[in-house]
Amino acid sequence: MKNWLLLFGLLAVSVAVSLFVGVRSISPADVWQMIVDFDPTDPAHVTIASIRIPRTVVGLICGGALGAAGMTMQALTRNPLADPGVLGINAGAAFAVTLGALLSGRADAGFLTVLAFPGAAIASFAVFALGGGFRGNASPVRMTLAGAALSALLVSLVTAIVLMRGLSLEVVRFWVVGSLAEANARPILAMSIAVLAGAIAVLSIAPKLEALSLGDALSRGLGTNPLRVQAGSLFAVTLLTGAAVALAGPIAFLGLMVPPIARRLVGASLRPGLLAAALLGASILLLADIAGRLVFAPAEIRAGVMTALIGGPVFVLIARRLSPGTVG
Amino acid sequence: MIVRDGLRVKPASGLRGGLSRRAFFAGAAAAFTSAAIRVPEAYAKDLTFKHAFGESVLPRPAERVVSLGFTSHDTLLALGTPPVATRYWFGNHPYGVWPWAQPYLGDTKPDMLIGEVSIERVAAQEPDLIVAIGSGISEAEYQVLSQIAPVLMHDAADITYGTPWDAMTLTLGRALGKSAEAETLVAGVREKFAAVRRRHPDWAGKTGVAGYHWGGETGAFIGADTRARFLSELGFQPTSKVAELSSPSEFYARLSPEDLSPLDADVLIWISSFDKVPDLVDLPMRKTLRAHQEGREVFAGSLLAAGMSFGSVLSLPFVLEELETEITAAIDGRTETQVPTATRAGLAP
């Protein structure tokens, strides 16, 4: 219980700081003024309404989605290094969007974000298949290698498209390293629905996913069809990751570092673990974004860079402690 | 390593000539000795060029010129010596030559070099001069290229992409043995600027800023940048906040999305490589700027923005002609006088 309070408290603090701290100083009085009498020519009002609030909302949705997606992937692959970034799913989504930009000739059209979903789906399917997931002999190392290879391939394809088309680096940087800075221009509502659907899907199959972790034979004995559970989990991960990428671009390592902490705080059971991972993911992403806003103000560091800075060492730490077949 | 789509940064270049290390050092040695080759007395002084990477001496005025600078082909074309090779910067135009310079191309079909400089393709042209002013090549590349022909670099006092259009014209004029033509060209463009200033004495001392909004990032062009320099040549000053952000080695300053007030000038020119800019039109913070509310915004879409970005002896007259009425309509600070480019782009208040 104490740990749950800690998780919710951290999230509340992150949200408050995200709303009130930035280059422009905003007082609670400004917020009240904005609510009762919004003035589109007042920079303080515009800062809250079209920068801080969308940014915070996107941070909450993406952080939550990536935390839960990481938790799901780690449970599914029995691999503490599984993460939408490490396994190339972010890259798949980014590749699909960039390819769409190449084919349509537009780099900034909103409809392109929808392509993140098939991109994420194909990449997650590919990495699961390459890593031996469908043959039931997926080792953490094999799957991580498959993901790393796929990720490298897709990122270089994204770069190739950029060079071929002479797209501006700024447009494509969004699809290589994620950021919350464009929150206001992103399809927040539609993506929230996708995240919600993904969350419901994964929560409903969570017990079966746990049964799966006992091994195929035992889980069949408990009445679980492994393939169906795996497909369902991949579907949920695709929804969660695709939506997160569509909103904020690929955010590295968040889905990797959150689950082990979440498990430590609330135990190994998957359903509470998913909720804790979502809370923690949202908090960490918001804090990363806040740090990125302040370190080199007025210029900003992308949230994806900040999470990579924190997550890289965590990856090494987990990899060093890794013994095959165990989770976290 | 590449491109703000013609807006500011040019690709870094690298050596991809497939030269062995030994060939490289042999070449470097040859480059040092070749400087000692005797040149005819009459040309020696006129054809010696001091620059950021040392000194280059031409044996005679150049005729076959490879243009590695991202904009230097404009100047060569203006001087009547179409280059045998050009460097592609951005845009979709044959040989990387934009409309304002196309008529000067004549029947020449230059080899267009894209991306990193291929030493082999430069050598294949058998040039007698390589213009690398504003090319971003490294000193190592300079050394290798110097084996092929004398290489001109930017002045030691300028930054890589900061050579002013008039200095570029005079330098290349000298290298081609066409100093008189170069001086005439420079005087002509200066007179065009002067004429605009005479017609608009009220512009002097007003503030003018060239801004961009791209991929969620907003900023201003500063200092020695061609777009900032264009405005100062018209008599405008940067806003005090942009002046504070200016640093001699940078082209642009990124702004916090929460504070765009540095852009709030008497005339604000948005630089974009697209003709439609939904993200700029919808940028809520823009609407808090006085420059927006009073109709002081001008929109430089693909062609105009490229002209300002090239900032060459050929592109500047083109830009001046297009922008004079635009700036006039913007600077009066009245929303009734519409700024055509801003209205078309959907920026007008």
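What counts, and where the lines are drawn
Residues numbered from 1 in each chain as written. Chains lettered and ligands numbered in written order. Predicted model: local features only at pLDDT ≥ 70, side-chain atom pairs only at ≥ 80, totals over all residues. Helix = DSSP H or I, 4+ residues; strand = E, 2+ residues; numbered from the N terminus. Buried ≥ 20, exposed ≤ 12 C-beta atoms within 10 Å, placed from the backbone. Contact = placed C-beta atoms within 7 Å. Core = buried A, V, L, I, M, F, W, Y, C linked by C-beta atoms within 7 Å. Axes fitted to C-alpha atoms, helices over the stretch in contact; angles between N-to-C directions. Parallel < 35°, antiparallel > 145°, perpendicular 65-115°, else oblique. Left-handed = near helix turned anticlockwise from the far one by under 90°. Nonpolar A, V, L, I, M, F, W, Y, C, P; charged D, E, K, R; others polar. pLDDT = per-residue confidence, 0-100. Pairing = 2+ DSSP bridges.

Give me the overall build of chain A: which residues, what numbers.
Across its full length, chain A holds 13 helices and 0 strands. Ordered by position from the N terminus, the helices and strands of chain A form the series α-α-α-α-α-α-α-α-α-α-α-α-α. For chain A, the proportion of its 328 residues judged to be buried stands at 53%. Considering only residue pairs separated by 6 or more positions, chain A has 76% of its internal contacts joining residues 24 or more positions apart.

Outline the nonpolar core, listing residues and values.
Counting residues in each nonpolar core, the largest one holds 98 residues, and the members touching the most others are Ile 130, Val 131, Ala 132, Ala 220 and Val 298 of chain B. By residue number, the principal contributor to this core is helix H13 (residues 315-331) of chain B, which donates 8 residues. Ignoring any residue separated from it by four or fewer positions in sequence, one finds Val 131 of chain B in contact with Val 65, Ser 67, Leu 68, Gly 69, Ser 72, Leu 76, Leu 152 and Leu 172 of chain B. Membership of the second largest hydrophobic core comes to 94 residues, among which are Ala 199, Leu 239, Phe 253 and Val 258 of chain A.

Mind laying out the packing of helix H5 (residues 116-130) of chain A against helix H10 (residues 226-248) of chain A, listing which residues take part and the relevant values?
Residue and element names in this part refer to chain A. Viewed as axis vectors pointing N to C, H5 and H10 meet at an angle of 135 degrees, and their least axial separation amounts to 8 Å. The angle between H5 and H10 falls in the class oblique. Handedness of the H5/H10 crossing: right-handed. Here Ala 116, Phe 117, Ala 120, Ala 121, Ser 124, Phe 125 and Phe 128 of H5 lie close against H10, whose contacting residues are Leu 234, Val 237, Thr 238, Thr 241, Gly 242, Val 245 and Ala 246. Of the residues contributing to the contact of H5 with H10, the split by class is 10 nonpolar, 4 polar and no charged.

Please give an account of the confidence of the model for chain B that cites residues and values.
Reading fine detail from the predicted coordinates is not recommended where pLDDT is low. Residues and elements named next belong to chain B. A residue-level look at chain B finds 87% of positions with pLDDT of 70 or above and a mean pLDDT of 85. A low-confidence stretch, residues 1-40 (pLDDT under 50), is modelled with 78 contacts involving residues beyond four sequence positions or located in other chains. Predicted complex, confidence summary: ipTM 0.70, pTM 0.78.

Quick rundown of the sheet that holds strand E12 (residues 297-300) of chain B? Include the residues and the values.
Two orientations exist for strands paired in a sheet by backbone hydrogen bonds: parallel and antiparallel. Residues and elements named next belong to chain B. Strand order in this open sheet of 5 strands is E10-E9-E8-E11-E12, and the pairing throughout is mixed. Looking at which strands have only one partner, the edges of the open sheet turn out to be strand E10 (252-255) and E12. Strand-to-strand twist across the sheet, computed as the mean angle between neighbouring axes with direction ignored, equals 30 degrees. Pairing of strand E8 (residues 208-214) with strand E9 (residues 217-221), which is carried by 4 bridges, proceeds in the antiparallel orientation. If you follow His 213 over to E9, its bridge partner there is Thr 218. Packing against the sheet, H13 makes contact with strand E11 (267-271) and E12, and its axis sits at approximately 155 degrees to E12.

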